[in-house]
Amino acid sequence: MTDVMSTQGQFPGAAGESERTRRLRSLGLNEPTADEAFDRFAHLAASITRAPIAMVNFINDERQMFRGLYIPPSSAEVAPEGSSWADRGIAFDLPTRQMPMSHGFCPHVVAQRSPLALDDILAYPRFAGNPVVDELGVRAYLGAPLVDDTNTVIGTVCVLDHEPRQWGRERLRDIQHLAEALLSEIRLRDNLLAQQQEMFAAFDGSPFPIILTDGPGQEIRYANAQHADTFGAPAAYGSVGQAYPQLGAAGLQQAVAEAYRTGRTTVLNDVRIQSARPDAQRGQQIFSFTCTPLRAARTGQVNGVLTVGMDVTAQSRTEEELGTLAALLVDRLQQNGATTGRPGVAAGETGLVLPG
């Protein structure tokens, strides 16, 4: 390819970035957003181990991200001793699904590449001073690593309690089995993403600038050759505004964010920019952009935005023509098997369905 992607369809990693972070990016798991499938795994882990709190935790170079999280929804849920979790003093306050690397015990599991069982954290001087002990009242921990098919440890499955617990061999075996089951889900996602990247190769020869942004942070996951030639090659996984200040200032970042937030296609007209091409005759160009939300096939949740540009500098293009172009690109993806689980919908309605 001649665009900003590598031959495997992924951006090259940033300098100093670990293989774990690169894997999380390629799997679309490098954001602390909720995921229904992982939430179900967390609930299952809590049920099997009879622990009040459970997590599916992915860890990059900077933070822990709880894509799966289970906390008792109310004090009505019965605890093992027959009292409510509230009666036992359970008050787990986690306003966001992320945590610094200094908190908790999952980073130790990832570093050691092995399970960790702490029956009573206060009995282990190495762990007793961890911030989660005082801040969140955590007294027991059980976690297993998630080692993917590339032999990279990308995170953990773990359970917590506010009381000391004798986890025992059975619970340790349970958490390891859950980690193995979860890896099957991740393997499926990896296969679907590989198929999706192959389909994006169809866009490489397009005369129209095309980018795919991922997640609420608008990280650019794909840019075709025409986009890189016209606007410049973006830095690895930079957001729209960071990678293209001109486009961001002209409103494209806001348009992409609106498409992601509302789940409806947005159109941005009359964007005037200075071309990045060395040809001085190009001068200032006028573009129109259409931003189409992409949806996960199984959940219908918006997980990205496909943005297509059209140079209207010397042509009388209409918004309808731009919408038609975007719809054709969406159809091309669908015809190549991009949709799974449920049929796609028109580009101007609620977005394109993609695996994820």
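Residues numbered from 1 in each chain as written. Predicted model: local features only at pLDDT ≥ 70, side-chain atom pairs only at ≥ 80, totals over all residues. Heavy atoms only, no water.

A word on the overall build of the protein
What the protein contains, in helices and strands, is 11 helices and 12 strands. The burial tally for the protein puts 52% of its 356 residues in the buried class. Sequence-distant contacts in the protein: of pairs separated by 6 or more residues, those separated by 24 or more amount to 61%. (Helix = DSSP H or I, 4+ residues; strand = E, 2+ residues; numbered from the N terminus. Buried < 20%, exposed > 50% of the residue type's maximum accessible area, 1.4 Å probe, protein only. Contact = heavy atoms within 4.5 Å.)

So, unusual backbone geometry
Phi angles above zero are rare outside glycine, and Arg-50 is one such case at about 55 degrees. On the basis of relative accessibility, which here comes to 41%, the residue Arg-50 falls in the partly exposed class. The backbone of Asp-270 sits at a positive phi, close to 55 degrees, despite the residue not being glycine. On the secondary structure map, Asp-270 appears in strand β9 (residues 266–274).

A closer look at helix α2 (residues 36–49)
Spanning 14 residues, α2 covers 20 Å between terminal C-alpha atoms, matching the ideal 20 Å at 1.5 Å per step. Within α2, burial applies to Ala-37, Phe-38, Asp-39, Phe-41, Ala-42, Ala-45, Ala-46 and Thr-49. Looking at where α2 begins, the residue whose side-chain oxygen comes 3.0 Å from the main-chain nitrogen of Ala-37 is Asp-35. Phi for Arg-50, located one or two positions after α2, is positive at around 55 degrees. (Expected span 1.5 Å × (residues − 1). Polar contact = N/O pair within 3.5 Å; in protein donor to acceptor, adjacent residues only side chain to side chain.)

Points about the sheet that holds strand β5 (residues 140–147)
Sheet strands line up and pair through hydrogen bonds in the backbone, either parallel or antiparallel. One open sheet holds the six strands; their spatial order is β3-β2-β1-β6-β5-β4, and the pairing between them is antiparallel. At either end of the open sheet lies a strand with only one pairing partner, and these are β3 (98–100) and β4 (116–118). In this sheet, neighbouring strand axes are inclined to one another by 25 degrees on average, regardless of whether the strands run parallel or antiparallel. Two elements, β4 and β5, share three bridges in a ladder whose sense is antiparallel. Bridge pairing in β5 places Leu-116 opposite Gly-143. Lying on the sheet, helix α1 (residues 19–27) is in contact with β1 (53–59), β2 (63–70) and β6 (153–161); it crosses β6 at an angle near 85 degrees. Docked against the sheet, α2 engages β1, β2 and β6, running at close to 70 degrees with respect to β2. (Pairing = 2+ DSSP bridges. Axes fitted to C-alpha atoms, helices over the stretch in contact; angles between N-to-C directions.)

Comments concerning the packing of aromatic side chains
For the structure on display, the rule yields eight aromatic pairs. Ring plane angle 40 degrees and centroid distance 5.9 Å describe the contact between Phe-231 and Phe-289, whose orientation is recorded as tilted. With Phe-231 in helix α7 (residues 225–231) and Phe-289 in strand β10 (residues 284–296), the pair connects residues that are 58 residues apart, well separated along the chain. Comparing Phe-231 with Phe-289 shows no difference in burial state: the two are buried. (Phe/Tyr/Trp six-rings, centres within 6.5 Å; stacked < 30°, edge-to-face > 60°.)

Description of the pairing of strand β7 (residues 210–214)
Across the five residues that make up β7, a large majority, five, are buried. Examined bridge by bridge, β7 and strand β11 (residues 302–311) share five bridges and lie antiparallel to one another. For Leu-212, the partnering residue across the bridge sits in β11 and is Leu-306. Joining the antiparallel neighbours β7 and strand β8 (residues 219–223) is a turn of four residues, in which Gly-215 adopts a positive phi near 75 degrees.

Thoughts on the environment of Thr-49
With respect to the helices, strands and loops of the structure, Thr-49 is situated in helix α2. With 110 residues separating them in the primary sequence, Thr-49 and Val-159 have C-alpha atoms 7.8 Å apart. For Thr-49, the contacting residues outside a window of four places in its chain are Val-159, Arg-165, Trp-167 and Arg-171. Looking at Thr-49, its side chain comes within polar contact range of the main-chain oxygen of Ala-45, at 2.7 Å.

Details of the confidence of the model for the protein
Segments scoring low in pLDDT should not have their predicted coordinates read at a detailed level. On average, residues of the protein carry a pLDDT of 78, and 72% of them reach 70 or more. Counting contacts from residues 334–356, a segment whose pLDDT is below 50, to residues more than four positions away or on other chains yields 65 contacts. (pLDDT = per-residue confidence, 0-100.)

Considering the environment of Pro-115
Secondary-structure assignment places Pro-115 in the loop between α3 (106–112) and β4. Measuring from C-alpha to C-alpha, the distance between Pro-115 and Leu-146 comes to 9.8 Å, with 31 residues separating the pair along the chain. Every residue in contact with Pro-115, bar those within four places of it in the chain, is listed here: Gly-143, Ala-144, Pro-145, Leu-172 and Gln-176.

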